Amino acid sequence: MGNAGVLAFYITICCVAFVISKIVVSVLLYRRWQRKHNVIQNSMSGGKMVMFRSEKLQALTSEAFLKKTMKLTNKDIIGSGGYGTVYRLIINDSIAFAVKRVNRGSADRDRGFERELKAMGDIKHRNIVTLHGYCTAPQFNLLIYDLMPNGSLDALLHRMKFIVLPA
Ligand SMILES: Nc1ncnc2c1ncn2[C@@H]1O[C@H](COP(=O)(O)OP(=O)(O)OP(=O)(O)O)[C@@H](O)[C@H]1O
């Protein structure tokens, strides 16, 4: 084998090693992601549900949770914002969630959902409402939050506008 042959051999080895290392890293990262998330294929809505493994969800099976989410009706509505409607979801008469439903159909709404997911997905802070999971389906997307029993800061501030403080 001449010099060119040896060089080609080493380049091939390097390329193969590079590709294999990329595959190994991807598999490890995916496994780590899977350990932290519980993914359910949602046959009822034709979509996918991802629950982050949080203590609050330990007591529930994902399927039971999903079925309840699908049964939300107008009487469960607690508010609505620029991108969707927010529902109250109580499980086993004790665990409360706020489920934001973002109907699909426009690129703007899909972008809004993705933005919120990106912004809230990695944040864990006692002053910021916890995102427990999300669901993506052809007709709608859902974001599953802790329920804040006292409503939003916005509502609180607007109510406070009418309170006259003593001098
Ligand atoms: N986690 C929650 N717990 C209790 N109520 C909530 C929760 N999230 C939202 N809400 C209620 O639903 C309303 C709408 O919330 P949403 O997040 O959709 O919109 P927003 O924050 O008011 O405005 P924007 O669309 O600009 O984000 C809130 O004003 C609040 O009353």
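Residues numbered from 1 in each chain as written. Predicted model: local features only at pLDDT ≥ 70, side-chain atom pairs only at ≥ 80, totals over all residues.

A. A look at the overall build of the protein chain. A tally of regular secondary structure across the protein chain gives four helices and seven strands. N-terminal to C-terminal, the α/β element order of the protein chain is α-β-β-α-β-β-β-α-β-β-α. By residue count, 13% of the 167 residues in the protein chain fall in the buried class. The contacts in the protein chain between residues at least 6 apart in sequence include a share of 46% that link residues at least 24 apart. (Helix = DSSP H or I, 4+ residues; strand = E, 2+ residues; numbered from the N terminus. Buried ≥ 20, exposed ≤ 12 C-beta atoms within 10 Å, placed from the backbone. Contact = placed C-beta atoms within 7 Å.)

B. Just the site of the ligand, in detail. Surrounding the ligand, one finds 19 residues, the nearest of these being G79, G81, G82, A98 and M148. Mapped by element, the contributors of at least two residues to the shell around the ligand are β3 (77-80), β5 (95-103), β7 (140-146) and α4 (153-160). The greatest single-element share of the shell around the ligand, amounting to three residues, is contributed by β3. Grouping the amino acids of the shell around the ligand by side-chain chemistry returns nine nonpolar, seven polar and three charged. (Near = placed C-beta within 6 Å. Nonpolar A, V, L, I, M, F, W, Y, C, P; charged D, E, K, R; others polar.)

C. Structural detail: the environment of L89. By secondary structure assignment, the location of L89 is in strand β4 (residues 85-91). Given 20 C-beta atoms within a 10 Å radius, L89 is considered buried. Separated by 57 residues in sequence, L89 and D146 place their C-alpha atoms 9.7 Å apart. Apart from the residues lying within four places of it in its own chain, the contact partners of L89 are K68, T69, L72, D76, F97 and V99.

D. Structural detail: the UniProt feature "binding site: ATP" (unreviewed entry) in the protein chain. Under the UniProt annotation, "binding site: ATP" (unreviewed entry) lies at K100. With respect to the helices and strands, the residue K100 is situated in strand β5. Apart from residues lying up to four places away in sequence, K100 is in contact with G84, V86, L142, L143 and Y145. (UniProt positions renumbered as here; feature names shortened; annotations may be inferred.)

E. The arrangement of the nonpolar core in detail. Residues V99, Y134, L142, L143 and I144 are the most contacted members of the largest nonpolar core, which totals 13 residues. Secondary-structure elements contributing two or more residues to this core are α2 (62-70), β4, β5, β6 (131-136) and β7. Residues contacting V99, with those up to four places away along its chain left out, are T69, L72, Y87, L89, L142 and I144. (Core = buried A, V, L, I, M, F, W, Y, C linked by C-beta atoms within 7 Å.)

F. Just the confidence of the model for the protein chain, in detail. For the protein chain, per-residue confidence averages 80 on the pLDDT scale, and residues scoring 70 or more make up 80% of the total. Confidence metrics for the complex model read pTM 0.72 and ipTM 0.93. (pLDDT = per-residue confidence, 0-100.)

G. Local environment of the UniProt feature "transmembrane region" (unreviewed entry) in the protein chain. Sites flagged by UniProt as "transmembrane region" (unreviewed entry) map to residues 6-30. From the first C-alpha to the last, residues 6-30 spans 36 Å; its make-up is 100% helix and 0% strand.

H. Summary view of the environment of V25. Within the secondary structure, V25 is located in helix α1 (residues 3-36). Between the alpha carbons of V25 and F65 there is a distance of 33 Å; along the sequence they are 40 residues apart.

I. Local environment of the pairing of β7. Pairing of β5 with β7 involves seven bridges; the strand directions are antiparallel. Residue A98 lies in a different strand from β7, and its bridge partner there is Y145. The sheet contact formed by β6 and β7 spans five bridges and is antiparallel. Paired with C135 across the strands is L142, a residue of β7. Connecting β6 to the antiparallel partner β7 that follows it, the hairpin turn spans three residues. (Pairing = 2+ DSSP bridges.)

J. View of the environment of G81. With respect to the helices and strands, the residue G81 is situated in the loop between β3 and β4. As a C-alpha pair, G81 and H132 span 51 residues in sequence and 19 Å in three-dimensional space.

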